[in-house]
Amino acid sequence: PHVQRSALCATCHTLTTEHAGARFPEQSPYLEWRNSAYSDEDGASASPRTCQQCHMPNQGSMRIAHNPG
């Protein structure tokens, strides 16, 4: 079940950068999703969608990662 939650995406898809001693978010698609109308974390969205529902749709025998060799 944790693989189906958008929070899993945040672990690799959130990048902060430091410039002149200040840290700022450079890439933050999870945080953007979390504050969007699609977030399912607060239960208030009329049309919730997880990251996986859009970016990793069920395609039958689709493999997420495999050795191409």
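Refer to the structure printed above.
It should be emphasised that the depicted structure is a prediction, and the values quoted were computed from it without experimental measurement.

## Digging into unusual backbone geometry
Working step 1: Unusually for a residue other than glycine, Ala 20 sits at a positive phi of about 55°.
Working step 2: Mapped onto the fold, Ala 20 is located in the loop between strand E1 (15–19) and strand E2 (22–27).
Working step 3: Look at Ala 20 and you get exposed, because its relative accessible area is 77%.

## Observations concerning the nonpolar core
Inside soluble globular proteins, nonpolar side chains tend to come together where they are buried.
Working step 1: One finds Cys 9, Ala 10, Tyr 30, Trp 33 and Cys 51 forming the largest nonpolar core, which totals 5 residues.
Working step 2: Within the residue set of this core, elements represented by two or more residues are helix H1 (7–10) and helix H2 (29–34).
Working step 3: Every residue in contact with Tyr 30, bar those within four places of it in the chain, is listed here: Ser 6, Ala 7, Ala 10, Thr 14 and Glu 41.

## Quick look at the side chain of Gln 52
Working step 1: Among the structural elements, Gln 52 can be located in helix H3 (residues 51–55).
Working step 2: Once you skip the residues sitting within four places of it in the chain, Gln 52 turns out to touch Val 3, Gln 4, Arg 5, Ser 6, Cys 9 and Pro 57.

## Looking at the state of the cysteines
Working step 1: Using the criterion set out here, one finds 0 disulfides in the structure.
Working step 2: Sulfur of Cys 12: no disulfide; nearest cysteine sulfur belongs to Cys 9 and is 8.7 Å away.

## Regarding the pairing of E2
Working step 1: Both E1 and E2 contribute to a ladder of 5 bridges, which runs antiparallel. For Leu 15, the partnering residue across the bridge sits in E2 and is Gln 27.
Working step 2: Where E1 hands over to E2, the hairpin turn is made up of 2 residues, of which Ala 20 adopts a positive phi near 55°.

What counts as what
Residues numbered from 1 in each chain as written. Predicted model: local features only at pLDDT ≥ 70, side-chain atom pairs only at ≥ 80, totals over all residues. Heavy atoms only, no water. Helix = DSSP H or I, 4+ residues; strand = E, 2+ residues; numbered from the N terminus. Buried < 20%, exposed > 50% of the residue type's maximum accessible area, 1.4 Å probe, protein only. Core = buried A, V, L, I, M, F, W, Y, C linked by side-chain atoms within 4.5 Å. Contact = heavy atoms within 4.5 Å. Disulfide = S-S within 2.5 Å. Pairing = 2+ DSSP bridges.

Purely geometric stuff here, so don't read any function into it on its own.
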